[in-house]
Amino acid sequence: MKSDASTLLLAATLVLPLLAAVLPIRLAGRTIAVAALLAGLATLDALSGSTVEAGTFAITGLTGLFALLVTGMGATVLSFATRALRDEPYQQRFATVGSLLVASGVVLATATDLALLIAAWVATSALTVALIRTGPGAGSTERSIRARRSFWISDAAVIVGGAVIIGATGQSGLGQIDGSSIGAWGPLAAILLVIGAATRSATVPFHRWLPDSLGAPTPSSALLHAGVVNGGAMLLIKAAPVSTDLRAGAILALALGAVSCVFAEAVMLTRADVKGRLAWSTIAQMSFTLVLCGVGLPLAAGLHLVAHGLYKGNLFLGSGSGVRALVRGRTAPPPISRLDGRTLGLLALPAMAVAAVLAVRMSGAEFTANLAIPAFLATVTGAAAATGWMRRTHGFAPRAAGLAAASLLVWGFVALTAALKVRIGTTTSLSDGILHPALIVPLFVALVAVAIARNRVRPAGSVQDRLWKAIRQAGQPTRPRGQLLSSRARATDPSTKPLAIPALSGSLTRS
Amino acid sequence: MSSITHFRLRDDIDAAAAVVAPSWPLSSVIAVNPLSGFEGQPYRQAIDRAELLFGSRGHLTLAEYRRALGAGRITTEGLGEALLRAVPDVEALAPVSIGGQDVDAAEVLLADLVGGADDPAPQRSLLTVAEEADQADGGQRVRTIDLACAEWCAALASGDLQLGDADELLAQLYDDLDRLRVPAYAQRRYLERHIAAMAGWASHLRWRDQTDGTRSLAAFLALRVRAEVSVLSDAGWFQSDGPLPRPAAASLRERAAAVALYLGAGDGDLDAIAATLGRLPARDRAQIWHDAYERAVHGPLVAAIEAGSANSTTSTTAPSDVLAQVICCIDVRSEGLRRNLEQVGAYETHGYAGFFGLPLHLVPLTGGSGTDQCPVLLTPSDTLCEVSRPGAEATAQRQIERRRLTAASDDAWRAAKYHPVAPLALAEGAGWLAGPLAAMRTAMPSATAWIADRLMGRGRSSQRSIAEFDRTSLSIEQQATWVGGMLNLGLASPQRDGELAPLVVLCGHTSRDDNNPAESGLACGACAGHAGGSNARVAAAMANDPEVRAILAERGTPIGDGTWFLAAEHDTSTDRVQLLDADLAPAGHAGHLRQLCEDLQVAGDASAHERATTLGAGSVRQLRARGRDWAEPVAELGLAGNHAFVIGPRQLTQRLNLDRRVFLHSYEPDDDIDGATLGAILTAPLVVAQWINAQYNFSATDPEIFGSGSKAVHNPIGDIGVLSGPGGDLRRGLALQSVRAGEELLHEPVRLLAVVEGSPHHIDAAIDGSETLRQLIENDWISLVARSNAGERFSRRTAEGWVPWHSGETRSQAAQELVHAS
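Reading the values: rules and limits
Residues numbered from 1 in each chain as written. Chains lettered and ligands numbered in written order. Predicted model: local features only at pLDDT ≥ 70, side-chain atom pairs only at ≥ 80, totals over all residues. Heavy atoms only, no water. Helix = DSSP H or I, 4+ residues; strand = E, 2+ residues; numbered from the N terminus. Rg over C-alpha atoms; globule rule 2.2 N^0.38 Å. Buried < 20%, exposed > 50% of the residue type's maximum accessible area, 1.4 Å probe, protein only. Contact = heavy atoms within 4.5 Å. Polar contact = N/O pair within 3.5 Å; in protein donor to acceptor, adjacent residues only side chain to side chain. Pairing = 2+ DSSP bridges. Axes fitted to C-alpha atoms, helices over the stretch in contact; angles between N-to-C directions. Salt bridge = Lys/Arg side-chain N within 4 Å of Asp/Glu carboxyl O. Core = buried A, V, L, I, M, F, W, Y, C linked by side-chain atoms within 4.5 Å. Expected span 1.5 Å × (residues − 1). Buried area = accessible area lost by both parts, 1.4 Å probe.

A word on the overall build of chain B. Within chain B, the secondary structure is distributed over 29 helices and 21 strands. Against the compact-globule benchmark of 28 Å for 822 residues, chain B has a radius of gyration of 29 Å, which places it among compact chains. Within chain B, buried positions represent 60% of all 822 residues. In chain B, the share of contacts with a sequence separation of at least 24, taken over all contacts with a separation of at least 6, comes to 73%.

As structure tokens, this is what we get:
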């Protein structure tokens, strides 16, 4: 069933951000807000089973959510910047570049043609670098140089990969490309696409550009973390038949994602600054979506992308709020629980598990890995939150209420996920992966191990101590090597060598 | 290393540390003079020295001063007077022949001030060896050192690192300085250069050291110098103790060319012009402008106070006709509220430090560690805990339980956020709510705040007072002394038979600014960056206590039975005043309270209306919504614009609109026979006001070095401070948005003028008794003018003694003439 009204909605969603680029910031924000509204309507239409198409663009349940995320966060960030960047000389430039970035994001989300997708990909790279450069003049090159270099790799990989696919299959429509027709070129194309995606998602070893970009204004970071880094997994999901549905692509995505997720988690634990923690957490989360793509769970990955974007955008915009929370903690009654965390956690875990299973059963969805993994994670999260709650409260009533509230949230989350998956699953054709979803389990084990290791006492000079020092140093903002050095100076300058001083003298132990 | 060397090096480190001021953490932002360690030197010398060390600017640029002239903030006459003060013999100089016509030398110098070539940007010129090596070959050694040191500081500050053995570190530092060939006599000054190179973190470490007695700054220096040694290999060593040549100031030739252009002279006159310009060193020009700016800001205030007392109609309203005597904080923001309140009705207002003289640590009803509620100059003498009031135990308990639940939800959030695996689902689950919430907060900040308040149970402020601070640990005598301090402000002066108004309102202040890590900087500085309402409540409870009143009566300062002390809190972001514990007032005051509430509302609205105009907010409603808008970078201006501190009775300033720019401290010279009260005001509140003034001034003149730069890129690091971007030096001082809006100055950088109505002898005695005060006044960090009686003219206290404030006036005729000639 094709809907003409929805075609108009889609066309307007594509055009409005472009229009916003030539408007003053206040109007630009509002224009993109209208685009977000229209994208939302089109997505609803798509979820209800309509085909929403306009030329080589289409909105399905999942890509509609992508478009909604990009326009929604774009509108929020521009409106925020209308006030937050008042009197900054680069405010209007921010509005223009931001609007264009939203426009290219919408194209990326809705394009159904590989060539078009690649064009939007390259435009997004250039605009992202421009966005990072926008801001206080000092350090604008420094904070964007790594992005420029990474995106150069990313663009090259995606362009070559795309050319191979189009050349080998003779197709450029994403719907028509068949992974089996690509033949011997398949692994190469898949690997190139995964590399391109990993770069955009700031996955190890292409991750440095994201923490470096923190020198850009807060609204820019919000837009990057909410709307740009998602592009990687979005590409893999849309081009799944020629990327993660092929063994080489799947293995690479899983391996890169898993290593990167554990590493970023470890580095995050060593960062003290708010934005640094957020950036490394984004790297971990984006790596996780890559893992999900690798084990053939594109739906789970897609929903994770969207929700994480919303979450991280909020946290970046509110990055100045932490001190008040800290002060608030100083006027709170102390925890008085006699039960320790482990006991409480064991109490909470079954309750959450029941809530999650109930939600799945009630939704009538198939209990596949696409749902099992979010359900499992929600159970763990609910149990952690409920434990935190119960340690501060005392008596039966407040504890039971907290437990009930947490269960309800877990139930709601799993039910929503299930409902979305049913709706999207019936409206979008997504193939099963080639690797077994259980391969994700070692990742969870590794994450827990990192957290435990972090909290252990580490004698100075021990292996653990040295390892954590190395991890901390990996998270340091460093200058891009060779950037400002003349070649003559580089030859003699000892400072280009890693500094052999005891940069962190003293023992790295938790007090 | 011998123990003598050991101690010498330790002393050197302590002395070198003075080039930065301690930086308080974000939860209790305290304004400090970034150059407080330079107060032993004359102001001008200090900012020159700071320029060598930091590459900082201590005044505006000539272009900015000229803009102020164009905008009429500085007049040409004022500039002429300033020139006369700087070059007293200017009129005796030979006239310059330009195009065959004789032009006054003064006119040529004025032309240079107004149209001459600008000075080059300041540059750091006391460099470390690594900096010099970098300058020589374009290397990146300093970056390497800075990165390592910044990370070390961040690790230390987040508790991830313990300091090594202090003695070993000193020995290491000593060896490394030796390797750099820094001779013993120059080591202190060399360490100063290293501290100045990373002034932000060094400021934090200074605060740490003075708070918990560690020696982290010494460890930092040991690390820095070790890093320097390791990146230098043999690329260089210490050469000289002196600074590098400063960037050349505008040359006489350039200046002469610009002046010739300005005056329409030909090339032939350049030599003659240059010869005259030689009388005025290029760098002195900014100083002349600065002087003119200060006079332009201060002159009208002093003149208005003098004019006010000349046609004085000071109707000493009997306090019984006054509905309430309102004691506000001396904070400049109280001025708007006080002025408007006085206009609304029969109110008498007074200014007193907003902690009401109570050096206390207060723990709220809900528990926790509590907060120091007094200026950081003082150490709290006692800790008071809030307890439920008799009869309200159940309500109080409910409030504690409610607070426990909000704390528990914070805990629940944190438990999920810091769990190793949970964040993967938390981001997803919370995202569906967080995204729409972010959009709502941005698009409809006021509505979102309203809903949040309802959900949190705020907004419905309960009319019943359920808790009080337990004062049993304090002696009644001590409490009476503290209350007596307030009565001393002239509330109960002898000529009124000690009669007070029916209500005495103690009005503390606070502020609310969402998503601003430096929010505490907008709260009450006298309460160490916390809300002042609790202090007001404690003080009011003391003053209402019959036992305290009995002692006060014995001491000759009775409080009548018809007087009730009432606490209040002024929210400076909305200009709304909330009465606290009002239900405790005796029934007979109900009418007064109703009237007071209405009047406070009218006065607050008027005050907010004035601020909406200056802040460029469209309406009062918009202005009031700013504090709750997370996107808003300037909820309120804080103490921006502050320029003077008036000590004396309110009559001095009563009829003046001081535009929220003046600290007002009440003082009755007649009640202060021995000068002790004046001495206390000069050595505590005035000193703190100077810290604030200096912080605003230097943050405005150099927002990057003394200020913390634009808020847009701030990245808070725990409670410690903010970074700009991912790393680097910790920022100190005020954000750019607090002092400037684009090209416009929200704070005009002028030094504090203290205006005192009181005995010069008492002032001299205070100066003799306090080295801090002497330095501030005699080294020109503040100017102080005084007169003993209304009707007299003001004299200024200088290092040489008292001179007429109007010293310029005798010459102002001459100044006017020279201006008219041009």
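The discussion continues.
All names here are of chain B. Along the polypeptide, D702 turns up in the loop between α25 (685-701) and β14 (714-717). In terms of polar contacts, D702 uses its side chain to reach the backbone amide nitrogen of I705, at 3.2 Å. Residue contacts for D702: discarding those within four places in its chain leaves G55, S56, R57 and G707.

A few words on the pairing of strand β5 (residues 360-363) of chain B. Residue and element names in this part refer to chain B. Taking every second residue as pointing to the same face, both faces of β5 are buried, with L360 and L362 on one and H361 and V363 on the other. Relative to strand β7 (residues 382-388), β5 is paired through 4 bridges, and the arrangement is parallel. Counted as the bridge partner of L360 is D382 from β7.

A few words on the sheet that holds β7 of chain B. Residue and element names in this part refer to chain B. The 4 strands are arranged β6-β5-β7-β8 in an open sheet whose pairing can be described as mixed. Among the strands making up the open sheet, the edge pair consists of β6 (371-372) and β8 (467-469). Pairing of β5 with β6 involves 2 bridges; the strand directions are antiparallel. Among the inter-strand pairings, H361 is bridged to a residue of β6, identified as D372. Helix-sheet contacts for helix α20 (residues 533-544) involve β5, β7 and β8, and the interaxial angle to β8 is about 80°.

Residues and elements named next belong to chain B. In the structure shown here, the tally under the stated rule is 63 salt bridges over all chains. Residue D605 is joined to R624 by a salt bridge in which the shortest nitrogen-to-oxygen separation is 2.9 Å. Taken together, the positions of D605 in helix α22 (residues 590-615) and R624 in helix α23 (residues 620-625) put the pair 19 residues apart, joining distant regions of the chain. By relative accessible area, D605 is classed as partly exposed at 31%. By relative accessible area, R624 is classed as buried at 12%. Between R797 and D764 there is a salt bridge whose closest N-O contact spans 2.7 Å.

Right, let's get into the nonpolar core. Within the largest apolar cluster, 167 residues are counted, with the highest numbers of intra-cluster contacts made by W209, F288 and V414 of chain A together with W432 of chain B. Sort the elements by how many residues they give to this core and helix α3 (residues 61-84) of chain A lands first, with 13 residues. Setting aside residues no more than four positions away along its own chain, V414 of chain A makes contact with A356, A359, V360, L371, A375 and A378 of chain A. Listed in part, the 121 residues of the second largest apolar core include W24, M198, L205 and A612 of chain B.

Compared with an ideal rise of 1.5 Å per residue, which puts 25 residues at 36 Å, helix α16 (residues 393-417) of chain B spans 36 Å between its outermost C-alpha atoms and is within 8% of the ideal. Burial in α16 of chain B covers these residues: A396, I400, R403, R404, A407, A408, D410, D411, A412 and A416 of chain B. On the buried face of α16 of chain B, the contacting elements are α14 (322-329) and α16 (369-392) of chain A together with β7 and α17 (423-443) of chain B.

Attention now goes to α20 of chain B. One full turn of an α-helix is made of 3.6 residues, so residues set three or four places apart face in the same direction. All names here are of chain B. Taking 1.5 Å of rise per residue, 12 residues should cover 16 Å, and α20 covers 16 Å from first to last C-alpha, within 8% of that figure. The buried fraction of α20 amounts to 10 of the 12 residues, a majority that puts the element mostly inside the structure. Within α20, burial applies to G533, N535, A536, R537, V538, A539, A540, M542, A543 and N544.

With an omega of 5°, the peptide bond between V204 of chain A and P205 of chain A qualifies as cis. With respect to the helices and strands, the residue P205 of chain A is situated in the loop between α7 (186-200) and α8 (209-212). Of note in the backbone geometry, N515 of chain B takes a positive phi value of approximately 60° without being a glycine. On the accessibility criterion, N515 of chain B (15% relative accessible area) is buried. In this structure, A528 of chain B is a non-glycine residue whose phi angle is positive, near 60°.

The next thing to look at is the interface of chain A and chain B. If you look at the interface, chain A gives 99 residues, while chain B gives 99 residues. Summed over both partners, the interface of chain A with chain B comes to about 8,500 Å²; 60% of that surface belongs to carbon and sulfur atoms. At the junction of chain A and chain B, the tally comes to 10 salt bridges. We note a salt bridge from E519 of chain B to R324 of chain A, for which the minimum N-O separation is 2.5 Å.

Attention now moves to the environment of D155 of chain A. Residue and element names in this part refer to chain A. Relative to the helices and strands, D155 resides in helix α6 (residues 140-169). Exposure remark for D155: the relative accessible area of 14% places this residue in the buried category. Here the alpha-carbon distance between D155 and I118, two residues 37 residues apart in the chain, equals 8.2 Å. Leave out the neighbours within four places in its chain, and D155 touches W121, V122, S125 and R200.

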